[in-house]
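Remarks on the overall topology
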Amino acid sequence: MVLQSLIGLPAFLLYFCISAVAVICFLFTYTRITAHDEFDLLTKNNPGAAVALGLSMLGFALPIASAVAHASNVVDCIVWSIIALIVQVIAYYVARIPVPNLSQRIADGELGPAIWLGLASVTAGVLSAASMTW
């Protein structure tokens, strides 16, 4: 019974590792395009940076989960993960339109702009994830 359950373990490990690498690539890319240094702000106990980055990472993870669930193969999953990353970058720039000094305000520790950015990222992620279910 247990061995039968473990038949899917290799596929699980493969897709989990692809997802983990995708999240690492997202964090590397996202923290380079934002005008504030999230990890430096996190070490300084800036709650705005934690909220914004954490929700942005969730906004990226949602379409990754959808890509894993709906991909026909590993390459398909990777392609849709790259698309999800591009959507998150676009979401960051769109979120800056109504709040042009968004990064500075997050760096200053303001929670309002951080929550705005984080939830804009989650919204983009939800729409992205749903769009991958075609």
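In the block above lies the structure referred to throughout.
The structure reproduced in this document is the subject of the present report.

What counts and how
- Residues numbered from 1 in each chain as written.
- Predicted model: local features only at pLDDT ≥ 70, side-chain atom pairs only at ≥ 80, totals over all residues.
- Heavy atoms only, no water.
- Helix = DSSP H or I, 4+ residues; strand = E, 2+ residues; numbered from the N terminus.
- Buried < 20%, exposed > 50% of the residue type's maximum accessible area, 1.4 Å probe, protein only.
- Contact = heavy atoms within 4.5 Å.
- Areas by Shrake-Rupley, 256 points an atom, 1.4 Å probe, with all protein chains shown as cover.
- Lys, Arg positive; Asp, Glu negative; His and termini not counted.
- Charge placed at Lys NZ, Arg CZ, Asp CG, Glu CD.
- 1 Å grid on protein atoms, 1.4 Å probe; cavity = no way out; pocket = protein on both sides within 12 Å on 5 of 7 lines; lining within 4 Å.
- Points joined across faces, edges and corners; volume = space filled by probe spheres on them.
- Nonpolar A, V, L, I, M, F, W, Y, C, P; charged D, E, K, R; others polar.
- Core = buried A, V, L, I, M, F, W, Y, C linked by side-chain atoms within 4.5 Å.

**Notes on the overall build of the protein chain**
Helix and strand content of the protein chain: seven helices and zero strands. Principal axes of the C-alpha set define a box for the protein chain whose edges measure 55 × 30 × 20 Å. Every one of the 134 residues in the protein chain was classed for burial, and the buried ones make up 38%. Pairs at least 24 apart in sequence give 73% of the contacts found in the protein chain among residues at least 6 apart. Surface exposure of the protein chain reaches about 7500 Å², of which carbon and sulfur atoms provide 75%. Within the protein chain, the 6 negative side-chain charges are centred at a point lying 5 Å from the centre of the 4 positive side-chain charges.

**As for empty space enclosed by the protein**
Under the defined criterion, the tally for this structure stands at one cavity of 30 Å³ or more. In this structure, the largest cavity spans a volume of roughly 30 Å³. Lining of the largest cavity is provided by A67, H70, A71, D76, W80, M132 and W134. Of all the elements in the fold, those that place two or more residues in the lining of the largest cavity are helix 4 (47-70) and helix 5 (74-95). Among the residues making up the lining of the largest cavity, the classes are represented as five nonpolar, one polar and one charged.

**A word on the environment of L102**
Counting through the fold element by element, L102 comes out in helix 6 (residues 102-107). With 59 residues separating them in the primary sequence, L102 and T43 have C-alpha atoms 20 Å apart. Setting aside its immediate chain neighbours within four residues, L102 contacts Y92, A95, R96, P113, W116 and L117.

**Some points on the nonpolar core**
F26, Y30, F60, C77, L102, I106 and L117 are the most contacted members of the largest nonpolar core, which has 27 residues in total. Put simply, the parts of the chain that give this core at least two residues each are helix 2 (9-33), helix 4, helix 5, helix 6 and helix 7 (111-131). With residues near it in sequence (within four places) discarded, F60 still touches A22, V23, F26, S81, A84, L85 and Q88.

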